[in-house]
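# Architecture and fold: a report
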Amino acid sequence: MSFIFLLYLCAMKVLYLHGLDSSLQSDRRAALERYGEVAAPQLDYRSSPHLLEQLITEYATVDALVGSSAGGLVAYYLAQLLAKPALLLNPALPFREEVPADLPLPADHRAYMRVVIGLRDAVVDPWASVAVLKEDSARLSALDIVLLGAMEHSYPIEIFEEQLAQFIASSF
């Protein structure tokens with residue numbers, strides 16, 4: 001890596017959106033902090049009817065988004081609205097009707113989006129997530145879908161670190 005690239009990574013700000021009734025685990029925070037500053041608000045997805053609008057206002061200047069499960073669902077839309085790259089791990093895409101927002105999505109999202117789906121996820125149907133991505137793929141110009149056969153809804157830190165490193169290398 002070049003010195004200038006390393007300086008950019010140190011200045012990078014990443015927004016992490018946790019899953020439903022969850023929070024950012026310390027091992028994942030440590031992995032994210034290797035790449036820059038981490039914002040990880042504690043969110044109540046059930047009681048926040050204007051969540052997307054609030055996140056747009058508060059985090060418009062982040063460089064990238066990382067989301068898991070319900071946080072991956074919100075990050076899916078937020079990344080498109082902010083035109084930012086995103087790493088989504090087992091995003092709850094089949095529950096997209098649960099995201100209360102009337103914000104128009106751009107016709108062409110050009111920022112890199114890496115979606116990692118565990119085929120052993122018993123919480124979010126992996127094939128339903130793939131179907132949502134297929135439906136939306138025409139407007140997602142830089143979409144990578146990674147299917148991991150042994151990955152469950154909860155996944156080990158090694159998968160998180162590997163996917164994060166690949167996402168950073170492909171995004172910046």
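Everything below is about the structure printed above this text.
Read on for a plain summary of the structure. (Residues numbered from 1 in each chain as written. Predicted model: local features only at pLDDT ≥ 70, side-chain atom pairs only at ≥ 80, totals over all residues. Heavy atoms only, no water.)

The next subject is the packing of helix 2 (residues 26-33) against helix 6 (residues 157-171). Helix 6 packs onto helix 2 with a crossing angle of 20° between their chain directions and a minimal axis gap of 10 Å. Here helix 2 is positioned roughly parallel relative to helix 6, judged by the angle of their axes. Considering how the two elements wind past one another, helix 2 and helix 6 form a crossing that is right-handed. Seen from helix 2, the contacting residues are Asp27, Arg28, Ala31 and Leu32; seen from helix 6, they are Ile157, Phe160, Glu161 and Leu164. (Axes fitted to C-alpha atoms, helices over the stretch in contact; angles between N-to-C directions. Helix = DSSP H or I, 4+ residues; strand = E, 2+ residues; numbered from the N terminus. Parallel < 35°, antiparallel > 145°, perpendicular 65-115°, else oblique. Left-handed = near helix turned anticlockwise from the far one by under 90°. Contact = heavy atoms within 4.5 Å.)

Let us look at the packing of helix 3 (residues 51-59) against helix 4 (residues 70-82). At a minimum axis separation of 10 Å, helix 3 and helix 4 run at an interaxial angle of 50°. Between helix 3 and helix 4, the crossing angle belongs to the class labelled oblique. For the pair helix 3 and helix 4, the crossing hand works out as right-handed. Contacts between helix 3 and helix 4 pair Leu51, Leu52, Leu55, Ile56 and Tyr59 from the former with Val74, Tyr77, Leu78, Leu81 and Leu82 from the latter.

Moving on: the pairing of strand 6 (residues 143-148). Pairing analysis gives 6 bridges linking strand 5 (residues 113-118) to strand 6, with the strands arranged parallel. Directly across from arginine 114, in strand 6, lies its bridge partner aspartate 144. (Pairing = 2+ DSSP bridges.)

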